[in-house]
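# Architecture and fold: a report
This is what each chain is made of:
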Amino acid sequence: MRYAYLGPAGTFTEAALLGVEGAREAERVPVSSVPVALAAVRAGEVDAAMVPIENSVEGGVTATLDAVATGSELRIVREALVPVRFVLVAPPGAALADVRTVSTHSHAWAQVRGWMDRHLPGADYVPASSTAAAALALLPGAQDGPRAAGFDAAVCSPVVVEQHPELTVLAEDIGDNRGAVTRFILVARPDAPLPRRTGADRTTLVIPLWEDRAGALLEILEQFATRGVNLSRIESRPTGNYLGEYFFSVDVDGHVHDARVADALVGLRRVCPSTRFLGSYPRADHKDTGVAGQHSDGAFREAQAWVAALQGQRPA
Ligand SMILES: O=C(O)C(=O)Cc1ccccc1
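The notes below deal with the structure included here. Quantities reported herein were computed from a predicted structural model and do not represent experimental measurements.

## Notes on the site of the ligand
- Close to the ligand lie L6, T11, F12, T13, H105, H107, A108, S130, T131 and T182, which account for all nearby residues.
- Within the backbone of F12, a nitrogen or oxygen atom sits 3.0 Å from an oxygen atom of the ligand.
- One of the side-chain nitrogen or oxygen atoms of T131 is found 2.5 Å away from an oxygen atom of the ligand.
- Listing elements by their share of the shell around the ligand, those giving two or more residues are α1 (12–18) and α4 (106–110).
- Looking at the shell around the ligand residue by residue, the class counts come to 3 nonpolar, 7 polar and no charged.
- Looking at which domains feed residues into the shell around the ligand, each of domain 1 (1–84 + 179–193) and domain 2 (87–171) supplies at least three.

## With respect to the sheet that holds strand β10 (residues 168–171)
- Taken together, the 5 strands give an open sheet; going across it, the order is β8-β7-β9-β6-β10, and neighbouring strands pair in mixed fashion. Both outer strands of the open sheet, β8 (124–127) and β10, are each paired with one neighbouring strand and no more. Going from strand to strand, the sheet's axes swing by 35° on average, the running direction of each strand aside.
- With 3 bridges connecting them, strand β6 (residues 87–90) and β10 associate as antiparallel partners. Its bridge partner being in β10, A90 is matched across the sheet by T168.

## What to know about the nonpolar core
- By size, the foremost hydrophobic cluster in this structure holds 35 residues, and its most contacted members are L88, V102, M116, V155 and I174.
- Shared between two domains, this core holds at least three residues of each, these being domain 1 (1–84 + 179–193) and domain 2 (87–171).
- Contact partners of M116, with chain neighbours within four places excluded, come to L88, V102, W109, P121, V155 and I174.
- Within the second largest apolar cluster, 23 residues are counted, among which are V46, I76, V187 and Y281.

## With respect to the pattern of salt bridges
- The final tally for this structure, using the stated rule, is 17 salt bridges.
- Measuring nitrogen to oxygen at the nearest pair gives 2.8 Å for the salt bridge that ties D297 to R197. With D297 in helix α11 (residues 297–311) and R197 in the loop between β11 (181–188) and β12 (201–208), this pair connects stretches of sequence that are 100 residues apart.
- For R197, a relative accessible area of 40% corresponds to the partly exposed category.
- The salt bridge partner of R233 is D251, with a shortest N-O separation of 2.9 Å. A residue pair is termed long-range when its members are at least 10 positions apart, and R233 in strand β13 (residues 231–238) and D251 in strand β14 (residues 246–253) qualify at 18 residues.
- Judged by relative accessible area, which is 6%, R233 ranks as buried.

What counts and how
- Residues numbered from 1 in each chain as written.
- Predicted model: local features only at pLDDT ≥ 70, side-chain atom pairs only at ≥ 80, totals over all residues.
- Heavy atoms only, no water.
- Near = heavy atom within 4 Å.
- Polar contact = N/O pair within 3.5 Å; in protein donor to acceptor, adjacent residues only side chain to side chain.
- Helix = DSSP H or I, 4+ residues; strand = E, 2+ residues; numbered from the N terminus.
- Nonpolar A, V, L, I, M, F, W, Y, C, P; charged D, E, K, R; others polar.
- Domains from an automatic or database assignment.
- Pairing = 2+ DSSP bridges.
- Axes fitted to C-alpha atoms, helices over the stretch in contact; angles between N-to-C directions.
- Core = buried A, V, L, I, M, F, W, Y, C linked by side-chain atoms within 4.5 Å.
- Buried < 20%, exposed > 50% of the residue type's maximum accessible area, 1.4 Å probe, protein only.
- Contact = heavy atoms within 4.5 Å.
- Salt bridge = Lys/Arg side-chain N within 4 Å of Asp/Glu carboxyl O.

Distances and angles like these do not, on their own, reveal function.
Structure representation (structure tokens):
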């Protein structure tokens, strides 16, 4: 197996990938962005890519939501949850008082702003392709080192310091939210085997808002509500075609092999024919989906059998 991930080694995305069984022994290909990772999957250069989809502080990762919603189809085959802890690092011998500019990935910056305002007010932010990329540029001899890149410190995972103990740690645990968690997805091509139903599953969908009219969103939501399907995330994103044209990126509790989810998909496809199925896969937190009796597989089977019997009656 070959896996692409947002590199270099030491990123949170790599930590998510290393949690996949077999990934440590597999070939891991570090890439510079989410779109590059997904393009490598689509081109068949790798079997799958690990990318962030949601963080507990900022919500959906728009680069990922957009890249999986458009272009050729992809399939999510699993998810991973990674607690994120941030450290501030600098070149050997540096001190906090010397820091004027800080570099990191934009998601990390968003999660340490409170700490920065308190401890380094006025520090300038230099965006980096990843947390680890920013930190590695501070190492003595790095090609685009701090002089070339123009920053004094970086926000990264403590894993980078384990790998490069020569970095100076200026501060630890600088995240504004101690319990911050990022959710990642492993994305493959659409012919990847469908993960088995476990009873604690998630299904991800892309639903273009089909018609610009009153009640269109309600009609979509009704498909889930009447079948007892819970939504755990819903986000609207512009399609990029016209101002005002949107799609919804949705996670629902359950698997396409759950009768209520399958029935909701049938309804959804009728009211919104360009609905895209991105996959059903086990939840990383193993939280069982609570299902009321009238929405159970058994209730659907009984009701379908009843209708089939009615239809089986001798025609006039
Ligand atoms: O830059 C990284 O290390 C990433 O994997 C992206 C990221 C950044 C901050 C929080 C979660 C993921």
